[in-house]
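Results of the structural survey
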Amino acid sequence: MDLEQLLTDRLAPAFATVAGSPVDPVVRRSPRADFQSDGALALARQLGRAPRAIAAEVLQHADLADLCSGVELSGPGFLNLTVADDALAAMVSALATDPRWGVPVAAAPETVVVDYSAPNVAKEMHVGHLRSTVIGDAAARLLEWLGHRVLRANHLGDWGTPFGMLIEHLVDPGEAEAAQDLSMGDLDSFYKAARAKFDADEAFRERSRRRVVALQGGDEATLRLWRLLVEQSERYFLTVYDLLDVTLTERDFHGESSYNELLGPVVEELNRLGLLRESEGAACVFPPGSVGRDGAPLPLIVRKSDGGYGYPATDLAAIRHRTGTLGATRLLYVVGLPQRQHFEMVYAAAAQAGWLAPPARAEHVGFGSILGSDGRMLRSRAGGSVKLVGLLEEAIARATALARERNPELGEAEAAEVGRAVGIGAVKYADLSSDRHRDYVLDWERMLSLDGNTAPYLQYAYSRIRSIFRRAGVAARPEARVSLTEPAERALAFELVGFGKVVGEVAESLEFHHLAGYLYRLAATFSSFYERCPVLRADGPVRESRLLLCDLTARVLRQGLYVLGIRTLERM
Ligand code: ARG
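Figured I'd write up the structure that's included with this text.

Calculation rules
Residues numbered from 1 in each chain as written. Predicted model: local features only at pLDDT ≥ 70, side-chain atom pairs only at ≥ 80, totals over all residues. Heavy atoms only, no water. Pairing = 2+ DSSP bridges. Helix = DSSP H or I, 4+ residues; strand = E, 2+ residues; numbered from the N terminus. Salt bridge = Lys/Arg side-chain N within 4 Å of Asp/Glu carboxyl O. Buried < 20%, exposed > 50% of the residue type's maximum accessible area, 1.4 Å probe, protein only. Near = heavy atom within 4 Å. Polar contact = N/O pair within 3.5 Å; in protein donor to acceptor, adjacent residues only side chain to side chain. Areas by Shrake-Rupley, 256 points an atom, 1.4 Å probe, with all protein chains shown as cover. Axes fitted to C-alpha atoms, helices over the stretch in contact; angles between N-to-C directions. Contact = heavy atoms within 4.5 Å.

Within a regular strand, side chains alternate between the sheet's two faces. As paired strands, strand β3 (residues 68-74) and strand β4 (residues 78-83) are joined by six bridges and run antiparallel to one another. Considered in β4, the bridge of Cys68 is made with Val83. Taken together, β3 and the strand that follows it, β4, pair antiparallel across an intervening segment of three residues, in which Gly75 is found at a positive phi of about 55 degrees.

Encoded structure:
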């Protein structure tokens, strides 16, 4: 279905005949024709012949008659390829009756664990968790749509030494009151108050220490209080996921504590494999390839000198569980770039232990920071970290106000619905449309604008097409004969047939800005088509064909936005 591939497959045998060995025809979109093949240029060097002569000879052998209406030798030896209108139309027709719009189900479906969101109990989710949640959810949606078995793993930070102090702080003012605070979602002040007491009060510190020991020792009363903390936090996080239209549910919480039982066996096995070394009282693995600034090997501490286990041990246990018990072959970790080294070391150690062996592999889907308009890390006015819910509420409020302004006819309920879909969509799209490896600036004006590469622009393009059908009072017929004569129709057709290729690439790279960029190009190409080619005013067969192009554009936009976790609206 992918045109570039189709042309490549046709040209490759011709090149092979001329070269006497396989050659890449190097086909790409061209400013001069629809596509061009540059293969002759590289081959010329190899054969020591003139590239034009090679290209001419390739032309004699190439079987392109049904696919191209024009093939032209140009410049130093390019082949300019013009795709035949009826070949392109046949492809569009095939898409129109394909419920997957040219995106095939994965040939080899696998079990994929997507580790994402992962906030910490009794702490506010910050903007880093927002990025993880938004990117991870897009990955889960995409891979699920491609037919993989996707297991969402919300690796909640629900264990460790801070819980001594948090539990003591919970019992101090009376449990009921503290639980009330927590359920209000005021996690940050809870955490900070506990921290302040811990820093100021020696007796509280001592109580906290004893609590940690009781918690690790499985003391029932302590565990009950710990569960209370975890449950209140989980409930709060679920309200955030709901607001964000994220597919994570309560079944996806697999907190760090859920690996407790596995930590002992993990360390034992590492020991048996001879991978453990003692360093300053701690049991460590020294994964190959990880060295510090001084060139000395870096330790991955699996058991601390006090006998406790930390973050690395839990992640090792999680890998062993995910590949061994769950049978996953692709492990994705959607976590900020500052944790890169941690994951590299964990993956290397897991590979040494045989818990991460091909075909199983792990990928750190890293991302940069969200910056404020001053170009520095996003901070609240008071200088603290920005509360995620506050940010989302602001997005919805701004989008609702804009919706009312742009369309005074919207009713109260409808304006609220549009405001929510656009506000949340804008936040998610701003994230997903930028290269995840980089930082990006949170800019309300830009992300809520109806012009440019934004969620509102795409949502508007979709609802505009839906309004065409409302006005027409008909639906498109997928079997309608497609005719492509105007350049704007051909341009739109080329975008539509390119969906499958982009989706396939993004499923590998998990660089969603390429999918966002594709949807933006599609919407923009549609817009020029709609300006130049009358749809409802056109005659019989042309009208039918154009309605089909409109409908197909809307469906691809909707599916693409669905993958990004963004809602479409019938009107806005
Ligand atoms: N809770 C951690 C944090 O807030 C992220 C956990 C990421 N996942 C993992 N398997 N380590 O930074």
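Now that the structure has been shown, we can carry on.
Moving on to the pattern of salt bridges. This model, assessed by the stated rule, comprises 34 salt bridges. The partner of Glu57 in a salt bridge is Arg49, and the shortest N-O contact between them spans 2.9 Å. With relative accessibility at 25%, the residue Glu57 sits in the partly exposed group. Across the pair Arg571 and Glu414 runs a salt bridge whose closest N-O atoms are separated by 3.7 Å. Note that Arg571 is positioned in the segment after α21 (540-563) and Glu414 in helix α15 (residues 412-432), a separation of 157 residues in sequence. Under the relative-accessibility criterion, Arg571 is labelled partly exposed at 44%. In this structure, a network of salt bridges that share partners links the residues Glu168, Asp172, Lys197, Arg207 and Arg211.

With that out of the way, let us pick up the site of the ligand. Around the ligand lies a shell formed by Asp115, Ala118, Asn120, His129, His155, Tyr311, Asp315, Tyr333, Val335, Gln339 and Phe343. A distance of 2.9 Å separates a nitrogen atom of the ligand from a polar backbone atom of Ala118. One of the side-chain N or O atoms of Gln339 is found 3.1 Å from an oxygen atom in the ligand. For the ligand, the accessible surface in isolation is 350 Å², of which the surrounding protein chains cover 88%.

Next up on the list: the sheet that holds β4. Overall, antiparallel pairing links the four strands, which are arranged β1-β2-β4-β3 in an open sheet. The sheet is open, and its two borders are formed by β1 (27-29) and β3, each paired with just one other strand. Each adjacent strand pair in this sheet contributes to an overall mean axis angle of 25 degrees, direction not counted. Note: β1 against strand β2 (residues 35-37), three bridges, orientation antiparallel. Considered in β2, the bridge of Arg29 is made with Phe35. Taken strand by strand, helix α3 (residues 51-61) contacts β3 and β4, and its axis lies near 160 degrees from that of β3.

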